[in-house]
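# Tertiary structure, described
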Amino acid sequence: MCSNVKSVAVDVFVHPAIMFMNSNKSESNIRQLIQQNRQKCSMAGIALMNETIINKGSNRDIDRDAVNMLITRLITGQYDTVVVENMADITADVSDLEEFMRDAANIGIGFFELSTMQYHMYDTTKYPADMERPIWGGGKGC
């Protein structure tokens with residue numbers, strides 16, 4: 001998982017969520033899956049709302065249209081959580097995932113992963129090691 005991502009316990013219905021999934025399943029199977037996922041989410045304090053964004057395609061990476069649709073929904077402020085089966089459903093590339101999660105965290109969005117039943121939020125107070133500024137030592141050793 002990404003270095004700046006922290007997992008937190010979720011206890012009460014406080015997180016209105018939109019679901020994002022990669023799937024080529026039929027609409028009726030997707031509806032069943034969403035119902036099952038809604039129950040899992042409710043046990044973790046996630047209120048899975050009625051909107052789901054489905055990325056259909058053979059590629060596991062999300063396409064630009066799906067990302068734009070998700071971002072458009074998130075910017076409205078009506079959701080604070082994205083529900084996914086697995087974080088790799090967003091992208092298998094760790095640096096791309098970290099960048100996406102950082103951008104989402106900047107507008108208050110976290111991610112709930114159904115496969116682990118964990119809530120992930122990018123920690124915007126930390127910087128990756130290559131972006132951290134060294135602490136000035138007050139001139140010692142000069």
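Our subject is the structure that appears above.
Residues numbered from 1 in each chain as written. Predicted model: local features only at pLDDT ≥ 70, side-chain atom pairs only at ≥ 80, totals over all residues. Heavy atoms only, no water.

Moving on: a nonpolar patch on the surface. On the surface, Ile71, Ile75 and Ile107 cluster together into a nonpolar patch covering about 280 Å² of accessible area. Among the secondary structure elements, Ile71 is positioned in helix 2 (residues 64-75). (Patch = residues over 30% accessible without salt bridge, like charges linked within 9 Å, V, L, I, M, F, W, Y side chains within 5 Å. Areas by Shrake-Rupley, 256 points an atom, 1.4 Å probe, with all protein chains shown as cover. Salt bridge = Lys/Arg side-chain N within 4 Å of Asp/Glu carboxyl O. Helix = DSSP H or I, 4+ residues; strand = E, 2+ residues; numbered from the N terminus.)

With that settled, the discussion passes to the nonpolar core. Residues Leu70, Val82 and Phe111 are the most contacted members of the largest nonpolar core, which totals 20 residues. When contributions to this core are tallied by element, the ones reaching two or more residues are strand 2 (15-22), helix 2, strand 4 (81-84) and helix 3 (94-105). Counting residues per element, this core draws most heavily on helix 3, which supplies five residues. Excluding its chain neighbours within four sequence positions, the residues that come into contact with Leu70 are Ile18, Phe20, Ile53, Val82 and Phe100. Core analysis: the next-biggest nonpolar cluster, separate from the first, contains 13 residues, Ile34, Ala44, Leu48 and Tyr119 among them. (Core = buried A, V, L, I, M, F, W, Y, C linked by side-chain atoms within 4.5 Å. Buried < 20%, exposed > 50% of the residue type's maximum accessible area, 1.4 Å probe, protein only. Contact = heavy atoms within 4.5 Å.)

Evaluation of the coordinates by the stated rule reveals three salt bridges. Of the charged contacts in the structure, one is a salt bridge between Glu27 and Arg31, with a shortest N-O distance of 2.6 Å. With Glu27 and Arg31 both in helix 1 (residues 27-43), this residue pair falls four residues apart, about one helical turn. Judged by its relative accessible area of 52%, Arg31 falls in the exposed class. Glu51 serves as the salt-bridge partner of Arg73, at 2.4 Å between the closest nitrogen and oxygen. Residue Arg73 is found in helix 2, and its partner Glu51 is found in strand 3 (residues 46-55); the two are separated by 22 residues along the sequence.

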